[in-house]
Amino acid sequence: MGNRRVQVTGFITPGPDGQPILARMILSCCAADGRPVKLGMAGNAPTGLANDTWIQVTGRYTDRVTRDSVNDEEIPYIDIESWRQMTAPKDPYE
């Protein structure tokens, strides 16, 4: 993923180590097959936000990854440069 700068919108959820991560649901067909895409947050990551709080973050991918305890998928990390809290989008699915 290199040092690419990205802007991502999602909601706060507990990560495998109990620390908050950013998630967004993606669909292939309909809500019944929805699955979360998860990103760990490092750097200027938000703290003290409740689960399900929606935020938009800007940062760069890092080489750091962890494993999701639910499905054993890799969770990449973003080094957060800035973030802002926002209201949930009308369509919360990607």
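Residues numbered from 1 in each chain as written. Predicted model: local features only at pLDDT ≥ 70, side-chain atom pairs only at ≥ 80, totals over all residues. Heavy atoms only, no water.

J.: Help me understand the sheet that holds strand E4 (residues 54-67), please; the structure alone is not making it clear to me.
T.: Consider a sheet: its strands pair through backbone hydrogen bonds, and that pairing is either parallel or antiparallel. Ordered by their spatial adjacency, five strands build a closed barrel running E1-E2-E3-E5-E4, and the pairing between neighbours is mixed. Across the sheet, the axes of successive neighbouring strands diverge by a mean angle of 60 degrees, strand direction being ignored. Here four bridges tie strand E1 (residues 5-14) to strand E2 (residues 20-26), and the two strands are oriented antiparallel to one another. Its bridge partner being in E2, phenylalanine 11 is matched across the sheet by alanine 23. (Pairing = 2+ DSSP bridges. Helix = DSSP H or I, 4+ residues; strand = E, 2+ residues; numbered from the N terminus. Axes fitted to C-alpha atoms, helices over the stretch in contact; angles between N-to-C directions.)

J.: Explanation requested: the pairing of E2 in the structure shown.
T.: Consecutive residues of a regular strand have side chains that alternate between opposite faces of the sheet. Between the end of E1 and the start of E2, which pair antiparallel, lie five residues, with glycine 18 showing a positive phi angle near 90 degrees. Sheet topology places E2 next to strand E3 (residues 35-43); six bridges connect them, and they run antiparallel. Looking across to E3, one finds that alanine 23 is bridged to lysine 38.

J.: Please clarify how the environment of glutamine 7 should be interpreted in this entry.
T.: Its location among the elements puts glutamine 7 in strand E1. Glutamine 7 sits 49 residues away from glutamine 56 along the chain, and the two C-alpha atoms are 6.9 Å apart. With residues near it in sequence (within four places) discarded, glutamine 7 still touches Gln56, Val57 and Thr58. Within polar-contact distance, the side chain of glutamine 7 engages the side chain of threonine 58 at 3.3 Å. (Contact = heavy atoms within 4.5 Å. Polar contact = N/O pair within 3.5 Å; in protein donor to acceptor, adjacent residues only side chain to side chain.)

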